[in-house]
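So you can see what is in the structure, the chains are spelled out below.
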Amino acid sequence: MSADQALLKRLADVALAVVIGAVTVSAAALDQDTTALDLALIVAGSLALAAYRKAPRVVLAVTTAALSAHALHAQPGPVAALPVVAAVHIAAQAGHRAVGAAAGAVFLGAYLAAGPVTHGTVERTVLLTGWFLCAVVSGLAGRNWQAYLRQTEQRALEAERTREEAALRRAGEERLRIARELHDSLTHSISIVKLQAGVAVHLARKRGEEIPPALLAIQEAGGEAMRELRATLDILRTDEPTGTPALLVERARAAGLAVDLTVTGRERPLAATVDRAAYRIVQEALTNAARHAGPAKIAVRLDYGEGELTIRVDDDGTAEPSCPPVEGIGLTGMRERVTALGGALHAAPREEGGFSVRAGLPLEHA
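Residue positions are given per chain, counting from 1 as you read along its sequence in written order. Note on the predicted model: pLDDT of at least 70 is required for a residue's local features to be given, and 80 or more for side-chain atom pairs to be given and counted; whole-chain, interface and lining totals, by contrast, use all residues. To get the side-chain values, all heavy atoms of the structure are used, and hydrogens and water are removed first.

Caption draft 1: Up close: the overall build of the chain. A run of DSSP states H or I qualifies as a helix once it reaches four residues; a run of E qualifies as a strand once it reaches two. Both are numbered from the N-terminal end. Across its full length, the chain carries ten helices and five strands. Its C-alpha atoms give the chain a radius of gyration of 39 Å, clearly above 21 Å, the size a compact globule of 366 residues would have. The principal-axis extents of the C-alpha atoms in the chain amount to approximately 130 × 45 × 30 Å. Any two residues whose heavy atoms approach within 4.5 Å are treated as being in contact. For the chain, contacts bridging at least 24 residues in sequence account for 70% of all contacts bridging at least 6. Per-residue and other accessible areas were derived by the Shrake-Rupley procedure at a 1.4 Å probe size, with only the shown protein chains allowed to occlude residues. By element, 61% of the accessible surface of the chain is carried by carbon and sulfur atoms, the whole surface being about 21,500 Å². This count recognises Lys and Arg as positive and Asp and Glu as negative, with His and chain-terminal groups excluded. Where a charge lies is defined by one atom per residue type, namely NZ (Lys), CZ (Arg), CG (Asp) and CD (Glu). With 38 positive and 40 negative side-chain charges, the chain shows a spacing of 5 Å between the two charge centroids. Atoms considered for the radius of gyration are the C-alpha atoms alone. The globule rule reads 2.2 Å times the number of residues to the power 0.38.

Here you go:
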């Protein structure tokens with residue numbers, strides 16, 4: 001609950017206590033036997049209702065004692081029971097129905113013992129008894145209704161969580177199906193093409209013939225296609241990160257890339273969605289740099305801010321602002337991941353040459 005909501009509830013509680021106190025004081029002021037002590041008892045018992053959320057039993061005790069003393073001293077009308085009725089209702093709603101019923105009985109006893117037992121006194125006492133019974137019953141009904149609403153909300157949350165889990169499971173099954181189809185259909189065909197091209201190159205060399213450039217291109221393209229397909233199948237089989245951005249940098253260095261990693265801010269565990277997105281963004285940015293930047297230096301920077309993780313991957317490769325790249329599957333996937341988390345992505349050539357990828361991921365997204 002926010003501070004503004006807590007303040008509004010507090011003001012509403014005070015307003016309720018003031019209204020009940022004003023009604024009771026107005027009724028008591030019309031009675032000539034009402035003294036300043038009676039007014040003080042009414043005000044004390046009514047204003048105590050403002051604290052009913054924190055201490056319902058204490059409020060019930062204070063209100064019952066103050067208004068019972070007023071009933072014994074001034075022999076008021078039925079309206080004097082209004083603060084006690086409210087306190088009994090609050091206690092029953094908080095789960096203290098026996099205490100509330102006992103407090104109502106105490107007030108009724110004081111009200112009946114305040115003066116001579118007459119027909120009118122008995123009628124008013126019976127009327128107040130009905131009021132207190134209604135207060136207890138309505139308090140229990142309110143408590144049950146609140147419990148029903150909480151259960152309904154929990155069931156809705158559970159249903160939503162179940163739907164999300166089912167959707168993730170179906171997505172995983174679909175990825176596996178696609179991976180199997182790609183493996184069964186494309187891997188075999190590409191392997192045959194690569195094998196045939198390799199055999200043709202081998203035979204040409206064995207005969208001392210000049211190898212056609214197109215044949216070499218087919219052989220090289222077949223090998224590259226196989227590597228790309230294996231990488232795609234690995235991603236389809238698991239969408240979970242298999243390490244950290246630091247591990248990605250180490251792998252890139254081992255592959256011969258000149259990569260530097262800088263981490264600023266207070267490094268801390270991230271939500272699963274943010275952690276997965278950060279891993280994939282660094283992975284895709286390093287892959288693009290390795291493919292397109294040439295022999296370039298790459299700088300990876302992770303900045304942990306208070307509310308945002310900033311990821312920046314810069315290289316000093318061959319990209320130029322005058323020739324912006326066509327956004328392919330990799331950049332599109334990065335943009336979709338960042339947008340889904342409410343962040344922003346900038347991927348474009350740098351003014352001084354090279355390419356820059358900058359993503360801001362809100363850390364409060366859980």
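Caption draft 2: The arrangement of the packing of helix α3 (residues 56-74) against helix α4 (residues 82-93) in detail. Where α3 meets α4, the axes come as close as 9 Å, and the angle between the chain directions of the two elements is 160 degrees. Comparing the axis directions of α3 and α4 gives the class roughly antiparallel. Like other packed secondary-structure pairs, α3 and α4 cross with a definite hand, here left-handed. Along the contact surface, α3 presents Pro-56, Leu-60, Thr-63, Thr-64 and Leu-67, while α4 presents Pro-83, Val-84, Ala-87, Val-88, Ile-90 and Ala-91. Considering only residue class, the contact of α3 with α4 consists of nine nonpolar, two polar and no charged. Angles here are taken between N-to-C directions and fall from 0 to 180 degrees, while the axes themselves are lines fitted to C-alpha atoms, restricted in helices to the stretch in contact. By the definition adopted for this analysis, an angle is roughly parallel if under 35 degrees, roughly antiparallel if over 145, roughly perpendicular if from 65 to 115, and oblique otherwise. The hand of a helix crossing depends on one turn: near helix anticlockwise from the far one by less than a right angle means left-handed, and clockwise means right-handed. Only Asp, Glu, Lys and Arg are considered charged, only Ala, Val, Leu, Ile, Met, Phe, Trp, Tyr, Cys and Pro nonpolar, and every remaining residue, Gly among them, polar.

Caption draft 3: Quick look at the side chain of Asp-315. By the secondary structure assignment, Asp-315 is in strand β3 (residues 308-315). Think of it in three bands: residues with accessible area under 20% of the maximum for their type are buried, residues over 50% are exposed, and the middle band is partly exposed, with areas taken using a 1.4 Å probe on protein chains only. Only one rule defines a salt bridge in this text: a Lys or Arg side-chain nitrogen within 4 Å of an Asp or Glu carboxyl oxygen. For the buried residue Asp-315, which engages in no salt bridge, the nearest side chain bearing the opposite charge is Arg-350, 6.1 Å off. Definition of a polar contact: a pair of N or O atoms within 3.5 Å, with one able to donate and the other able to accept a hydrogen when the atoms are protein atoms, and with sequence-neighbouring residues admitted only if both atoms are side-chain atoms. A polar contact of 2.9 Å, which involves the side chain of Asp-315, links it to the backbone nitrogen of Gly-317.

Caption draft 4: How the structure looks around the sheet that holds strand β2 (residues 297-304). If DSSP finds at least two bridges between two strands, the strands pair. Strand order in this open sheet of five strands is β1-β2-β3-β5-β4, and the pairing throughout is mixed. Among the strands making up the open sheet, the edge pair consists of β1 (258-265) and β4 (344-349). Taken over all neighbouring pairs, the strand axes of this sheet differ in orientation by 10 degrees on average, direction set aside. When β4 meets strand β5 (residues 355-362), the two strands line up antiparallel, connected through six bridges. By the bridge assignment for β5, Ala-344 is matched with Gly-360. Along the sheet, helix α9 (residues 272-292) contacts β1, β2, β3 and β5; its crossing angle with β5, the most-contacted strand, is approximately 180 degrees. The sheet contacts of helix α10 (residues 329-340) involve β4 and β5, and relative to β4 the element is tilted by about 155 degrees.

Caption draft 5: Examining a nonpolar patch on the surface more closely. Patch membership requires over 30% relative accessible area and the absence of a salt bridge. Like charges are linked within 9 Å, and nonpolar side chains (Val, Leu, Ile, Met, Phe, Trp, Tyr) within 5 Å. Taken together, the side chains of Val-14, Val-18, Val-43 and Leu-47 make up a nonpolar region of the molecular surface, amounting to roughly 300 Å² of accessible area. Counting only elements with at least two residues in the nonpolar patch, the list comes to α1 (3-29) and α2 (36-47). Summarising the element assignment, Val-14 is placed in helix α1.

Caption draft 6: Spatial organisation of the pairing of β5. In terms of burial, β5 is largely enclosed, as seven of its eight residues are buried. Between the antiparallel neighbours β4 and β5 lie five residues, among them Gly-353 with a positive phi of about 100 degrees.

Caption draft 7: Layout of the pattern of salt bridges. Per the stated rule, a full pass over the model turns up four salt bridges. A salt bridge links Arg-253 to Glu-250; the nearest nitrogen and oxygen atoms lie 3.0 Å apart. You can see Arg-253 and its partner Glu-250 sitting in helix α8 (residues 245-254), three residues apart, about one turn around the helix. For Glu-250, a relative accessible area of 44% gives the class partly exposed. Of the charged contacts, one joins Arg-312 and Asp-314 as a salt bridge, the two residues approaching to 2.9 Å between their closest N and O atoms.

Caption draft 8: Spatial organisation of the UniProt feature "transmembrane region" (unreviewed entry) in the chain. UniProt positions are given in the numbering used here, feature names are shortened, and annotations may be inferred rather than shown by experiment. UniProt's feature table lists "transmembrane region" (unreviewed entry) at residues 12-30, 36-52, 98-114 and 126-145, given in the numbering used throughout. Structurally, residues 98-114 is divided into 94% helix and 0% strand, and its ends, taken at the C-alpha atoms, are 24 Å apart.

Caption draft 9: Main features of the packing of aromatic side chains. Each Phe, Tyr or Trp ring, with Trp reduced to its six-membered ring, pairs with another whose centre is within 6.5 Å; inter-plane angles below 30 degrees give stacked pairs, above 60 give edge-to-face pairs, and intermediate values give tilted ones. Per the counting criterion, the structure on display carries three aromatic pairs. Taken together through their ring pairs, the aromatic side chains of Phe-107, Tyr-111 and Phe-132 make up a single cluster.

Caption draft 10: Here's a closer look at the nonpolar core. Only buried Ala, Val, Leu, Ile, Met, Phe, Trp, Tyr and Cys residues count toward a nonpolar core, and they belong to the same one when joined by side-chain atoms within 4.5 Å. By size, the foremost hydrophobic cluster in this structure holds 33 residues, and its most contacted members are Ile-281, Leu-286, Val-300, Ile-311, Val-357 and Leu-361. Those elements that provide at least two residues to this core are α8, α9, β2, β3, α10, β4 and β5. With nine residues, the top contributor of residues to this core is α9. For Leu-361, the contacting residues outside a window of four places in its chain are Val-274, Ala-277, Ala-278, Ile-281, Gly-307, Glu-308, Leu-309, Ile-311, Val-338 and Leu-341. Of all hydrophobic cores here, the second largest spans 30 residues; its members include Leu-41, Ile-42, Val-84 and Phe-132.

Caption draft 11: Just the pairing of β3, in detail. The buried count for β3 comes to six of eight residues, which makes it a mostly enclosed element. Pairing of β2 with β3, which is carried by seven bridges, proceeds in the antiparallel orientation. Residue pairing in the sheet places Asp-303 in a bridge with Thr-310 of β3. Hairpin connection of β2 to β3: three residues between the antiparallel strands. With seven bridges joining them, β3 and β5 adopt antiparallel strand pairing. Residue Val-313 lies in a different strand from β5, and its bridge partner there is Val-357.

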